[in-house]
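An overview of the molecular structure
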Amino acid sequence: MTISDDGLRFAAHEIEDSTESFDASKGYCAIYEYASGSWSQIGRIQSSFYGTCKLSGNGNAIATVSNTSRDIKVYKYTNSSWVQQGLSMSAEDNSTKILINKTGSIIAFNNTSYYGSGSSYCNNNNTGDASLDGKVSVYEYKDDAWSIKGNEISGPFGICWVGIADINEDGDKVLISGYGDYEGILDPDGEQMKIHKT
């Protein structure tokens with residue numbers, strides 16, 4: 001679940017109640033608003049069964065991620081309806097987490113690298129291929145389109161999982177974390193936290 005800064009709007013990922021066979025597309029982000037002493041739904045955006053959504057600080061924009069199509073979409077509340085802003089963006093894997101700034105004009109999301117199989121799912125320190133490292137991408141909505149803001153933020157050599165913990169109101173600073181990998185074994189003591197200016 002995700003809530004606006006003033007606490008008057010929140011969004012929750014919901015799964016369609018169905019007795020039919022499993023359908024990965026039957027997931028939604030439902031948005032609710034508190035007004036006149038009660039909560040009412042003001043929108044329902046299709047996502048996926050295991051999708052996620054994140055509400056902006058002002059409550060007027062929402063970012064959604066589908067773990068099936070890997071589409072990332074941002075919607076703005078305009079004239080009592082949620083309208084998609086620009087085109088969809090794509091994540092590289094289905095474990096993507098997304099953040100959105102206060103106004104909904106900047107988003108950040110992570111892409112996790114899974115290299116190899118079994119216990120060697122990270123970018124092993126001996127591969128030397130930085131393209132396999134996890135990374136964070138920051139996008140800005142300007143002139144009716146989303147464009148990448150600065151360079152992708154990659155973990156240092158050997159970091160296969162890069163997560164995003166928070167983004168500030170202006171969207172120009174992102175807190176990221178990452179786990180390293182030693183000889184194919186994920187080291188729980190190797191977590192790093194860094195703040196990046198975009």
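From a predicted model like this one, the values you see are computed outputs, not experimental measurements.

The rules behind each value
Residues numbered from 1 in each chain as written. Predicted model: local features only at pLDDT ≥ 70, side-chain atom pairs only at ≥ 80, totals over all residues. Heavy atoms only, no water. Core = buried A, V, L, I, M, F, W, Y, C linked by side-chain atoms within 4.5 Å. Buried < 20%, exposed > 50% of the residue type's maximum accessible area, 1.4 Å probe, protein only. Helix = DSSP H or I, 4+ residues; strand = E, 2+ residues; numbered from the N terminus. Contact = heavy atoms within 4.5 Å. 1 Å grid on protein atoms, 1.4 Å probe; cavity = no way out; pocket = protein on both sides within 12 Å on 5 of 7 lines; lining within 4 Å. Points joined across faces, edges and corners; volume = space filled by probe spheres on them. Phe/Tyr/Trp six-rings, centres within 6.5 Å; stacked < 30°, edge-to-face > 60°. Lys NZ or Arg CZ within 6 Å of the ring centre and 35° of its normal. Pairing = 2+ DSSP bridges.

Let's shift gears to the nonpolar core. In this structure, I72, V74, M89, I98 and I107 are the most contacted members of the largest nonpolar core, which totals 13 residues. Listing elements by their share of this core, those giving two or more residues are strand 6 (61–65), strand 7 (71–78), strand 10 (98–100) and strand 11 (106–111). Here this core gets three residues from one element, more than from any other, and that element is strand 6. Those residues in contact with V74 that lie beyond four places of it in its chain are I62, A63, V83, Q84, Q85, M89, I100, G104, I107 and W146.

Before going further, it helps to examine the layout of surface pockets. Counted as a void, the largest pocket has a volume near 170 Å³. Along the walls of the largest pocket sit 13 residues, with D5, G57, I100, D166 and I167 positioned nearest its centre. Mapped onto the lining of the largest pocket, the elements with two or more residues apiece are strand 5 (52–55), strand 10 and strand 15 (159–167).

Turning our eyes to something else, we now look at the packing of aromatic side chains. Counted under the stated rule, the structure contains six aromatic pairs. Residues Y34 and W39 carry aromatic rings whose centres are separated by 5.1 Å and whose planes lie at 55 degrees to one another, so their mutual orientation is tilted. A relative accessible area of 35% means that Y34 is categorised as partly exposed. Measuring from centroid to centroid gives 5.0 Å for Y141 and W146, while their planes differ by 50 degrees, and the two rings are tilted. Through pairs of rings, three or more aromatic residues link up here, namely F10, Y32, Y34 and W39. Just above the ring of Y28 sits the side chain of R44; from NZ or CZ to the centre is 3.8 Å.

Bringing the pairing of strand 8 (residues 81–84) into the picture now. Bridge count between strand 7 and strand 8: four bridges; the pairing is antiparallel. Across the sheet, Y75 pairs through a bridge with Q84, a residue of strand 8. The hairpin turn running from strand 7 into strand 8, its antiparallel successor, is two residues long, and N79 in that turn takes a positive phi close to 50 degrees.

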